[in-house]
Amino acid sequence: MVKLFTYIKDKVFIFFAVFWQSVKSFLKNDNSNIAASLAYHSLFAIIPLLLLLFFALSFFITSSRAVMSRITSLISEFIPYYSETILQEVYSLSKHQSIWGIISVLTLMWAATPLVSTLRKAFFDIFKIEERPSFLKTTLLDIGVILLTLTIFVLLSFTHVTFKSIHILGESTAFYNAASYTVTVMIISVFYLAFVPVKTSFLYVATGAIITTFFWGIIRPVFGLFLSYNPQYGIAFGSLKALFIIIIWIYYSFSVLLFGAEIIANLRRKDVLLIKKLFYEDYSSKTKSRLKNKFGKSYKSGDLIFKQGQKGDEMFYILSGGVRLTLPSKLQNNNENEQIIRIMKKNEYFGEMALLIGTPRTTNAYAENDDTIIIKINPQNFETLLREEPKIATMLLKELAQRLKKTNEFLC
């Protein structure tokens, strides 16, 4: 029972740590301005996308009014305020047969690519990806995402009608709401999978989708309440008031979507969020305990940590106690006459050189005290630390320079 309570407590701690870091990352990455940029691109992409959806649904439904009814029902779920204005324009354009030529359809798809491209760049920034794909590959990916989005909305239009039918036939509102929430989470999960530029656990993606859907469900009634108490909101835009309110709603929706992406990114780097506290030495006793349980190993005085010549695939941080680095004796199996190179103390780290350049260990390492606790940092976490924490990278460079200087003095 105690272990279960500790496990739950640690998971809750990790969740709140990730959530708070996501808030800070959202602000640091300037996602509110990116959401505004996405809302602006949506202004030019929304009608082409709806026309493409109309075109896709027309393969399954012959009546244009029936197609429009499906789109209206579906879009009202995602753009609940004043969407009729845009849908009327879409219906008017869809009646022109000339719009459905191959060149016209490709042009509609091309008109939507700036929105997808901007969103993809935002995900690159959130996940700290420096190497970007080529223009051709990016364009093909963007078109693929547009086709995937259309496929999802086509499937969703039929699913939505089914849910509506069940609801009308007398099923409970709770069942309908739960089913709608589940479908929305699934859609957003697929959307994240299409845009997340790195390999990550589906559990992280699903968690981000759940949080996104939750906040999206909150801002919808709040925004509606705001409009009901402020009927003149956007009146300065005159006949464009409806379009202005739609853009504001899309802005809030993209803000929530980007925050969900931050959740996924920080869940993926949750170990690094804990490990980086070591280098700033701002960890509490609780954090120390979590570090010890997750990454630590205890040693008694004289215990071997690693031997010269072993593969250096980990870096080590001394949480408590000390470590003795030695050069082996030339006499076989003679540990007593090993030459001591350095005594490492608490809050110092070692083994980074072998990890950085992929060489075997150049010394032996022994625990100096009985209460020595060593934190092991694997290559993935180490690489993430260097890439995302410039201060830590600078600290490592300075320390390496100091050690190189001491080594030169020792050899001289």
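Residues numbered from 1 in each chain as written. Predicted model: local features only at pLDDT ≥ 70, side-chain atom pairs only at ≥ 80, totals over all residues. Heavy atoms only, no water.

## With respect to the overall build of the protein chain
- What the protein chain contains, in helices and strands, is 14 helices and eight strands.
- Counting only residues that meet the buried cut, the protein chain has 42% of its 412 residues in that class.
- Partitioning the intrachain contacts of the protein chain with sequence separation of at least 6 by distance along the chain shows that 79% fall at a separation of at least 24.
- Per element, the accessible surface of the protein chain, about 23100 Å² overall, is 62% carbon and sulfur. (Helix = DSSP H or I, 4+ residues; strand = E, 2+ residues; numbered from the N terminus. Buried < 20%, exposed > 50% of the residue type's maximum accessible area, 1.4 Å probe, protein only. Contact = heavy atoms within 4.5 Å. Areas by Shrake-Rupley, 256 points an atom, 1.4 Å probe, with all protein chains shown as cover.)

## As for the packing of helix α2 (residues 31-57) against helix α5 (residues 102-126)
- Axis separation between α2 and α5 bottoms out at 8 Å; the angle between their running directions is 150 degrees. The orientation of α2 relative to α5 falls into the category roughly antiparallel. Regarding α2 and α5, the two cross each other, and that crossing is left-handed.
- Here the contact of α2 with α5 is built from residues that sort into 19 nonpolar, five polar and no charged. (Axes fitted to C-alpha atoms, helices over the stretch in contact; angles between N-to-C directions. Parallel < 35°, antiparallel > 145°, perpendicular 65-115°, else oblique. Left-handed = near helix turned anticlockwise from the far one by under 90°. Nonpolar A, V, L, I, M, F, W, Y, C, P; charged D, E, K, R; others polar.)

## Examining the packing of aromatic side chains
- Enumeration over the complete set of coordinates arrives at 23 aromatic pairs.
- When the centroid spacing of 6.2 Å and the interplanar angle of 65 degrees are considered together, the rings of F26 and F259 count as edge-to-face. Here F26 is found in helix α1 (residues 2-28), whereas its partner F259 is found in helix α9 (residues 241-268), with 233 residues between them in sequence.
- Measuring from centroid to centroid gives 5.5 Å for F214 and F215, while their planes differ by 70 degrees, and the two rings are edge-to-face.
- Given a relative accessible area of 46%, F214 falls into the partly exposed group.
- An aromatic cluster of three or more residues is present, and its members are F15, F16, F19, F26, F214, F215 and F259.
- Above the face of the F306 ring, R361 is positioned so that its terminal group lies 4.6 Å from the ring centre. (Phe/Tyr/Trp six-rings, centres within 6.5 Å; stacked < 30°, edge-to-face > 60°. Lys NZ or Arg CZ within 6 Å of the ring centre and 35° of its normal.)

## Comments concerning the sheet that holds strand β5 (residues 339-344)
- Strand order in this open sheet of four strands is β2-β7-β4-β5, and the pairing throughout is antiparallel. On the outer flanks of this sheet lie β2 (304-306) and β5, each paired with one strand and no other. Pairs of neighbouring strands in the sheet enclose a mean axial angle of 30 degrees, with direction left out of account.
- Of the pairings in the sheet, the one linking strand β4 (residues 323-327) to β5 comprises five bridges and is antiparallel in character. From the neighbouring strand, L327 faces β5, where its bridge partner is Q339. (Pairing = 2+ DSSP bridges.)

## A short note on the sheet that holds strand β1 (residues 296-299)
- In space, the four strands of this open sheet follow the order β1-β8-β3-β6, with antiparallel pairing throughout. Either end of the sheet is taken by a strand with one partner, and the two such strands are β1 and β6 (349-350).
- Relative to β6, strand β3 (residues 315-320) runs antiparallel, the two sharing two bridges. Residue pairing across strands places Y317 opposite Y349, the latter belonging to β6.

## Considerations on the nonpolar core
- I71, F123, F127, Y192 and L258 are the most contacted members of the largest nonpolar core, which has 78 residues in total.
- With 16 residues, α9 is the largest single contributor of residues to this core.
- Excluding residues that lie within four positions of it along the chain, Y192 makes contacts with F123, V205, G208, A209, T212, V256, L257, G260, A261 and I264.
- I275, M315, L355 and I392 belong to the second-largest nonpolar core, a separate cluster that totals 20 residues. (Core = buried A, V, L, I, M, F, W, Y, C linked by side-chain atoms within 4.5 Å.)

## Quick notes on unusual backbone geometry
- At D30, a residue that is not glycine, the phi angle is positive and equals roughly 60 degrees.
- Inspection of the secondary structure assignment puts D30 in the loop between α1 and α2.
- Residue class for D30 comes out partly exposed when judged on its relative accessible area of 36%.
- Of note in this structure, K128 is not a glycine but carries a positive phi near 55 degrees.
- By secondary structure assignment, the location of K128 is in the loop between α5 and α6 (135-168).
- Judged by relative accessible area, which is 26%, K128 ranks as partly exposed.

## Topic: the environment of P328
- Relative to the helices and strands, P328 is located in the loop between β4 and β5.
- You can call P328 partly exposed: its relative accessible area is 31%.
- Measuring from C-alpha to C-alpha, the distance between P328 and E338 comes to 4.9 Å, with 10 residues separating the pair along the chain.
- When neighbours within four sequence positions are excluded, P328 is seen to be in contact with Q308, E338 and N364.

## Some thoughts on the layout of surface pockets
- The volume enclosed by the second largest pocket comes to roughly 530 Å³.
- What lines the second largest pocket is a set of 21 residues, and nearest its centre among them are F13, I14, K270, L274 and R290.
- Those elements that place two or more of their residues in the lining of the second largest pocket are α1, α10 (270-280) and α11 (285-295).
- Here the lining of the second largest pocket takes 10 residues from α1, the largest share from any one element.
- Classifying every residue of the lining of the second largest pocket gives nine nonpolar, two polar and 10 charged. (1 Å grid on protein atoms, 1.4 Å probe; cavity = no way out; pocket = protein on both sides within 12 Å on 5 of 7 lines; lining within 4 Å. Points joined across faces, edges and corners; volume = space filled by probe spheres on them.)

## Section: the confidence of the model for the protein chain
- Averaged over all residues, the pLDDT of the protein chain equals 82, while 89% of them reach at least 70.
- Across the protein chain, strand β8 (residues 372-377) holds the top mean pLDDT of 92, while helix α4 (residues 83-94) sits lowest at 74. (pLDDT = per-residue confidence, 0-100.)

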